[in-house]
Amino acid sequence: MTLTPEQEAELQRLLARRLSGEPLQYILGEWSFMGLDFYVNPYALIPRQDTETLVEKALELAEKLELRTALDVCTGTGCIAVSLKKLGRFTRVAASDISYECMALAGENARRSGVDIELYVRDLLEGHGSYDLITANPPYIADAELPLLQEEVRHEPRLALSGGADGLDFYRRIAQSYKEHLSPGGVLLMEVGAGQAASVAELFAGCETELVRDINGIERVVTVRRRA
Ligand code: GLN
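The residue numbers shown here count from 1 along each chain, following its written sequence. Reporting in this predicted model follows two pLDDT cut-offs: at least 70 for local features of residues, and 80 or more for side-chain atom pairs to be given and counted; totals over whole chains, interfaces and linings ignore these cut-offs and use all residues. Side-chain measures here rest on the full set of heavy atoms in the structure, leaving out hydrogens and waters.

Chemist: Looking at this model, I keep getting lost on the overall build of the chain. Mind explaining?
Modeler: Helices and strands together make up the secondary structure of the chain, namely seven helices and nine strands. Here the chain has a C-alpha radius of gyration of 18 Å; the compact-globule value for 228 residues is 17 Å, and the two agree. Each of the three principal axes of the chain carries a C-alpha extent, and together these read 65 × 40 × 30 Å. Only protein chains enter the area calculation, which uses a 1.4 Å probe; residues under 20% of their type maximum are buried, those over 50% are exposed, and those in between are partly exposed. For the chain, buried positions account for 50% of its 228 residues. Taking the intrachain contacts of the chain between residues at least 6 apart in sequence as the baseline, contacts between residues at least 24 apart amount to 65%. Helix and strand assignments come from DSSP, with helices taken as H or I runs of at least 4 residues and strands as E runs of at least 2, each series counted from the N terminus. C-alpha atoms define the radius of gyration, and 2.2 Å times the number of residues to the power 0.38 defines the globule rule. Contacts: residue pairs with any heavy atoms within 4.5 Å of one another.

What follows is the structure in structure tokens.
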């Protein structure tokens, strides 16, 4: 097959973007997560396999404990919320993000998968009601590690990555207010960075917590159960 001069020029443009370190996912404009297709853009973190661990655990607990309503905060592309609605048996799924651009993207992704989810522009749990399940993949990279991230990750929004001095700022905020937003017997699931699971679980001392490993054996998800 021979490329036309226009196709050749377009290929060179795409290659130049990739060679400059831009992630393949942003160049393609879409990526797969939980077997579903999601639009991606530089306003939101690219859906990662690590996060499938959280969705799988959430679906398992929802079946076992009959959790019927769900809220995903820091939703970004909406990949967690859309997957829960598409693959689970929730009557109601809500998603929120502090970024308007992310919520526009999450809305497009819900339409693409043919699911109905509620969309809110909100800061973490502020302004939300109460749900049986709350999920979050908040920013969790420590300040000192931000400059050390691989080139591709540095093309992703800092807003989605930066978790403060020790990376735990958002977990502290969630620990302060989650009880007002979780039904009795409900579950909170949070993705955490490598090495953070024990420190995050400590923020929820006195609650029933569980650490879940990802497929690489890293403790990736912290679950917190509210007493019934
Ligand atoms: N998993 C991402 C990374 O290490 C970080 C995601 C996040 O901060 N929530 O590149």
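Chemist: When you look at unusual backbone geometry in this model, what are you seeing that I'm missing?
Modeler: Trans peptide bonds make up most of the peptide bonds, and negative phi angles are found at most residues other than glycine. Even without being glycine, methionine 34 reaches a positive phi, approximately 55 degrees. By the secondary structure assignment, methionine 34 is in the loop between β1 (30-33) and β2 (36-39). Taking relative accessible area as the criterion, methionine 34 reaches 17% and is therefore assigned buried. With a phi angle near 55 degrees, cysteine 74 is a residue other than glycine that sits in the positive phi range. Residue position: cysteine 74 is located in the loop between β3 (69-73) and α4 (79-87). What makes cysteine 74 partly exposed here is its relative accessible area of 22%.

Chemist: Would you mind going over helix α1 (residues 5-19) with me for this structure?
Modeler: For an α-helix, 3.6 residues make a turn, and residues three or four places apart therefore share a direction. Helices are assigned an expected span. That span is 1.5 Å times one less than the residue count. Between its terminal C-alpha atoms α1 stretches 21 Å, which fits the 21 Å expected from 15 residues at 1.5 Å a residue. At the C-terminal side of α1, glycine 21 shows a positive phi close to 100 degrees.

Chemist: What is the right way to read the nonpolar core from this model?
Modeler: Soluble globular proteins tend to bury their nonpolar side chains together. To form a nonpolar core, buried Ala, Val, Leu, Ile, Met, Phe, Trp, Tyr and Cys residues must be joined to one another through side-chain atoms within 4.5 Å. Ranked by size, the top nonpolar core spans 31 residues in total, and within it Ile174, Tyr178, Leu188 and Met190 carry the most contacts. Apart from the residues within four sequence positions on either side, tyrosine 178 is in contact with Leu125, Leu188, Phe204, Cys207 and Val224. In terms of nonpolar packing, the next biggest core, distinct from the first, is built from 30 residues, Leu36, Val55, Leu67 and Leu189 among them.

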